[in-house]
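# Coordinate inspection notes
Listed below, chain by chain, are the residues.
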Amino acid sequence: MPRLFTGLEIPAEIAGRLSFFRGGLPGARWIEPGDYHVTLRFLGEVDDVLAADLDAGLAEARPRPPLTVTLDGLAAFGGDKPRALYASVVATPELIALQEEHERIARRAGAEPERRKFTPHVTLARLNREATPEAVAHILAQTGVFPRLSFTAQQAALYSARTSRGGGPYLVEAAYPFAGGEFGADEDADG
């Protein structure tokens, strides 16, 4: 059974900028820059019928214009038991609407409702027990001011992942261009 999720691809220039934050954290399994993405809807292992229904629903989704995606900081999930280091993504109304649409399409295809709150982000590293809260805080403090990074997302994608402990590699199974969009980016760094 395929292990699927939907998301937004991170352009190579932005991924390159994010890769500068790699290293220096014991217990981190760093995600390859080519696998960076913003997850919209994680599905996990699904059967072929649900996968086909999901693909059809995404292909028939209402047209939407390309959207600006802005990364604005570094943070960690897990608090006292850190489990991931990530770049946070600004939750714009357009991004929230896209994620909600993917949730509706996934449910119509037969997926269980997502129980977790949508927190848009780009995972940079998965962390194990060696990554103490103090070590994570130290890395976050060392990064200094995070330069806002923006790009224009031209499409959403359906990804598959090999069965692993997370972190890729990921394969784009299908792409769903936004109205007037094709993959490419209008990458820039703000302030």
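### What to know about the layout of surface pockets
Of the voids in this model, the largest pocket is the one considered here, and its volume is about 770 Å³. Top element by residues in the lining of the largest pocket is strand E3 (residues 37–45). It accounts for five residues.

### Overview of the pairing of strand E4 (residues 67–77)
In terms of residue burial, E4 counts as a mostly covered element, since eight of its 11 residues are buried. Note: E4 against strand E7 (residues 149–153), five bridges, orientation antiparallel. Each bridged residue has a counterpart across the sheet, and for Leu-67 the counterpart in E7 is Ala-153. Where E4 folds back on strand E5 (residues 84–89), the antiparallel hairpin that results is connected by six residues, among which Gly-78 adopts a positive phi of roughly 115 degrees.

### Considering the packing of aromatic side chains
Any pair of aromatic rings gets described here by the distance separating the centres and the angle formed by the planes. On inspection of all chains with the given rule, the structure shows four aromatic pairs. Their ring planes at 10 degrees and their centres at 4.7 Å tell us that Phe-5 and Tyr-159 sit as a pair that is stacked. Within this pair, whereas Phe-5 is found in strand E1 (residues 3–9), its partner Tyr-159 is found in strand E8 (residues 155–161), the two being separated by 154 residues in sequence. The pair formed by Phe-5 and Tyr-159 is uniform in burial state, with each residue classed as buried.

### Let's talk about the nonpolar core
Ranked by size, the top nonpolar core spans 36 residues in total, and within it Leu-8, Leu-18, Leu-71 and Val-122 carry the most contacts. With near-sequence residues (within four places) excluded, Val-122 lies in contact with Ile-10, Leu-18, Tyr-36, His-37, Val-38, Leu-71, Leu-85, Tyr-86, Ala-87 and Val-89.

### Examining the sheet that holds E3
What the four strands build is an open sheet, ordered E3-E1-E8-E9; its pairing is antiparallel. At either margin of the open sheet sits one strand with a lone partner, and together these are E3 and strand E9 (170–177). Shown here is a sheet whose adjacent strand axes are inclined to one another by a mean of 20 degrees, direction ignored. The strands that helix H2 (residues 48–59) touches are E1, E3, E8 and E9; relative to E9, the one it contacts most, it runs at about 35 degrees. Contacts from helix H3 (residues 93–108) reach E1, E3 and E8 within the one sheet, and its direction differs from that of E3 by about 15 degrees.

### A word on H3
In this model H3 runs 22 Å from its N-terminal to its C-terminal C-alpha over 16 residues, within 8% of the 22 Å that 1.5 Å per residue would give. Every buried residue of H3 is accounted for by Leu-95, Leu-98, Gln-99, Glu-101, His-102, Glu-103, Ile-105 and Ala-106. The inward-facing, buried residues of H3 abut E1, E3, H2, E4, E5 and E8. Gly-110 sits one or two positions beyond H3 and adopts a positive phi of about 110 degrees.

### Some points on helix H1 (residues 12–19)
Among the residues of H1, Ile-14, Ala-15 and Leu-18 are the ones counted as buried. For H1, the arc enclosing every buried residue in end-on projection is 100 degrees, short of the 170-degree limit, so these residues lie on one face.

### Looking at the pattern of salt bridges
The full count for this structure, using the stated rule, is five salt bridges. Linking Glu-103 and Arg-107 is a salt bridge whose minimum nitrogen-to-oxygen distance equals 2.7 Å. Of the two residues, Glu-103 and Arg-107 are both situated in helix H3; the distance of four residues between them amounts to about one turn of the helix. For Glu-114, the salt bridge goes to Arg-116, with nearest N and O atoms at 2.9 Å. One salt-bridge network, held together by shared partners, links Arg-41, Glu-103 and Arg-107.

### A look at the confidence of the model for the chain
For the chain, per-residue confidence averages 90 on the pLDDT scale, and 91% of positions sit at 70 or higher. Here strand E10 (residues 188–189) stands out as the element of the chain with the lowest mean pLDDT, 42, in contrast to H3, whose mean of 98 is the highest.

Rules behind the numbers
- Residue numbers restart at each chain and count upward from 1, following the sequence in its written direction.
- Whole-chain, interface and lining totals are the exception, using all residues; otherwise, since this is a predicted model, local features are given only for residues with pLDDT of at least 70 and side-chain atom pairs are given and counted only at 80 or more.
- Derived side-chain values reflect all non-hydrogen atoms in the structure, with water molecules and hydrogen atoms excluded from consideration.
- Put plainly, a pocket is an open set of points on a 1 Å grid over the protein atoms alone with protein on both sides within 12 Å along at least five of seven lines, a cavity is a set where a 1.4 Å probe fits but cannot get out, and a lining residue has an atom within 4 Å of a point.
- Grid points are joined across faces, edges and corners, and a volume is the space filled by probe spheres set on the points.
- Helix and strand assignments come from DSSP, with helices taken as H or I runs of at least 4 residues and strands as E runs of at least 2, each series counted from the N terminus.
- Buried, partly exposed and exposed residues are distinguished by accessible area as a fraction of the type maximum, computed with a 1.4 Å probe on protein chains only: under 20%, between the cut-offs, and over 50%, respectively.
- When DSSP finds at least two bridges between two strands, those strands are taken to pair.
- Here the aromatic set is Phe, Tyr and Trp, taking the six-membered ring for Trp, and pairing holds for ring centres within 6.5 Å; pairs whose planes are under 30 degrees apart are stacked, those over 60 apart are edge-to-face, and all others are tilted.
- Residues belong to a common nonpolar core when they are buried Ala, Val, Leu, Ile, Met, Phe, Trp, Tyr or Cys residues joined through side-chain atoms within 4.5 Å.
- Contacts are assigned to residue pairs that have any heavy atoms within 4.5 Å of one another.
- Only C-alpha atoms enter the line fits that serve as axes; for helices the fit covers just the stretch in contact. Angles between N-to-C directions range over 0 to 180 degrees.
- Take the number of residues in a helix, subtract one, and multiply by 1.5 Å to get its expected span.
- The arc under discussion is defined with respect to the helix axis, by the directions toward the C-beta atoms.
- We count a salt bridge whenever a side-chain nitrogen from Lys or Arg sits within 4 Å of a carboxyl oxygen from Asp or Glu.
- Along the chain, pLDDT gives the predictor's confidence residue by residue, from 0 to 100.

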